[in-house]
Structures are given as structure tokens and as C-alpha cells.
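Here is what each chain is made of, one letter per residue.
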Amino acid sequence: MTLSPTLIKAVILFPLNVMGVIPALILWFSGKLESYQFITILIASGGILIMVGLYIIWITASLFTDYGKGTPAPYSPPKILVAIGIYRYVRNPMMIGVWCVLIGEASLFMSIGILIWFLIFFIASILFVTLWEEGDLESRFGESYCEYKRNVPRWIPRIKY
């Protein structure tokens, strides 16, 4: 996995705003950025979820740039269907990674605002994937995507032994 300018740009434009800028603004305006108390279990679970989510996002973005010859961003989508690595187990690991980060932030900062933002983003991303993205992938990749869709679950990873 290489650290290319395309990968950096794709990670900064979407995930950084969804998982960083908006939650930080929510914390700032709610006053939680300055005065929050940590509960050990929330810190641990929140930190772990954030790290796991960022790792998943890094892996998936790297697969898009290195193998798919594109980015996760809509302006430069992959030219090759990515069905390797983590994509063998679940069709939307990047979104799962973003969800992990947002839930982790809500837990770490004990922020109802970030939890609400997660719920809004969660619903929007489910609608986006089911109503637009899957149709777009079918039109771009044809039968290979349809076969992939039949064999790999959308959200809950299938662990193959």
C-alpha cells in the first residue's frame, strides 16, 4: 500500500470531514471540547473503535488506489472492481470503518451530538448505497458486479473458513 497524493486527497476530502471536522464542530458548539469527563470503559472502547475504523478505511482506500486504479471519491472512482482483501467478506467495508470511527468518537467524548451525527450519516449512507451506488456499480461493472453482489454480503461480513 502506497501513500500516493491521490489517496491522501481522497482520505482528506470525505472521511476527514465526516469523521473529524463535523464531530469537532459538534463538540466545540456543545461545549464538550473543553469540559468533558472520561469514563475508562468509554475511552477504551471509543479509542479501539476509532483505531479499527481508521485501519479499515486505510486498507479500503489503499485497495481502491493500488488495485482499483481510482479512489473512494466520486470524482475518480475505481476503474477495476475491487473484490479482493477485505472486500471478499463484505461489500462496504469503508462505510463500516467510518461508522466505527463515528461511534468511537461519540463514545470517547460522550457526545450525544456526535451520536446524532452518526445516526444521520448511518441512515444517509444506507440510502446512498442501496439507492444509488449499487446501481452505478452494476452499470459500470456489469455481470462481474452482479456476481460479486450475489456472493458477498452488503454490511455484515461473512467469515469464510
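Everything below is about the structure printed above this text.
Here's a quick rundown of the structure. Since we're looking at a predicted model, the values are computed, not measured.

**Some remarks on the packing of helix H5 (residues 112-141) against helix H6 (residues 143-151)**
Contact pair H5 / H6: the axes reach a minimum separation of 6 Å and the direction vectors enclose 135°. When the axes of H5 and H6 are compared, the pair comes out oblique. Of H6, the residues touching H5 (which contributes Glu134, Leu137, Glu138 and Phe141) are Glu143, Ser144, Tyr145, Cys146 and Lys149. Among the residues making up the contact of H5 with H6, the classes are represented as 4 nonpolar, 1 polar and 4 charged.

**Some remarks on unusual backbone geometry**
The backbone of Lys69 shows a phi angle near 55°, a positive value even though the residue is not glycine. With respect to the secondary-structure elements, Lys69 resides in the loop between helix H3 (40-66) and helix H4 (93-108). Using a relative accessible area of 47% as the deciding quantity, one classes Lys69 as partly exposed. Unusually for a residue other than glycine, Met110 sits at a positive phi of about 50°. With respect to the helices and strands, the residue Met110 is situated in the loop between H4 and H5.

**Side note on the nonpolar core**
Val18, Met19, Val98, Trp99, Leu102 and Phe121 are the most contacted members of the largest nonpolar core, which totals 16 residues. The set of elements that each furnish at least two residues to this core consists of helix H2 (15-30), H4 and H5. In terms of residue count, the dominant contributor to this core is H4 (7 residues). When sequence neighbours within four positions are dropped, the list of residues in contact with Phe121 reads Phe14, Val18, Met95, Val98, Trp99 and Leu102. Judged by nonpolar contacts, the second largest core, of 13 residues, contains Leu63, Val82, Met94 and Tyr145.

What counts and how
- Residues numbered from 1 in each chain as written.
- Predicted model: local features only at pLDDT ≥ 70, side-chain atom pairs only at ≥ 80, totals over all residues.
- Heavy atoms only, no water.
- Axes fitted to C-alpha atoms, helices over the stretch in contact; angles between N-to-C directions.
- Helix = DSSP H or I, 4+ residues; strand = E, 2+ residues; numbered from the N terminus.
- Parallel < 35°, antiparallel > 145°, perpendicular 65-115°, else oblique.
- Contact = heavy atoms within 4.5 Å.
- Nonpolar A, V, L, I, M, F, W, Y, C, P; charged D, E, K, R; others polar.
- Buried < 20%, exposed > 50% of the residue type's maximum accessible area, 1.4 Å probe, protein only.
- Core = buried A, V, L, I, M, F, W, Y, C linked by side-chain atoms within 4.5 Å.

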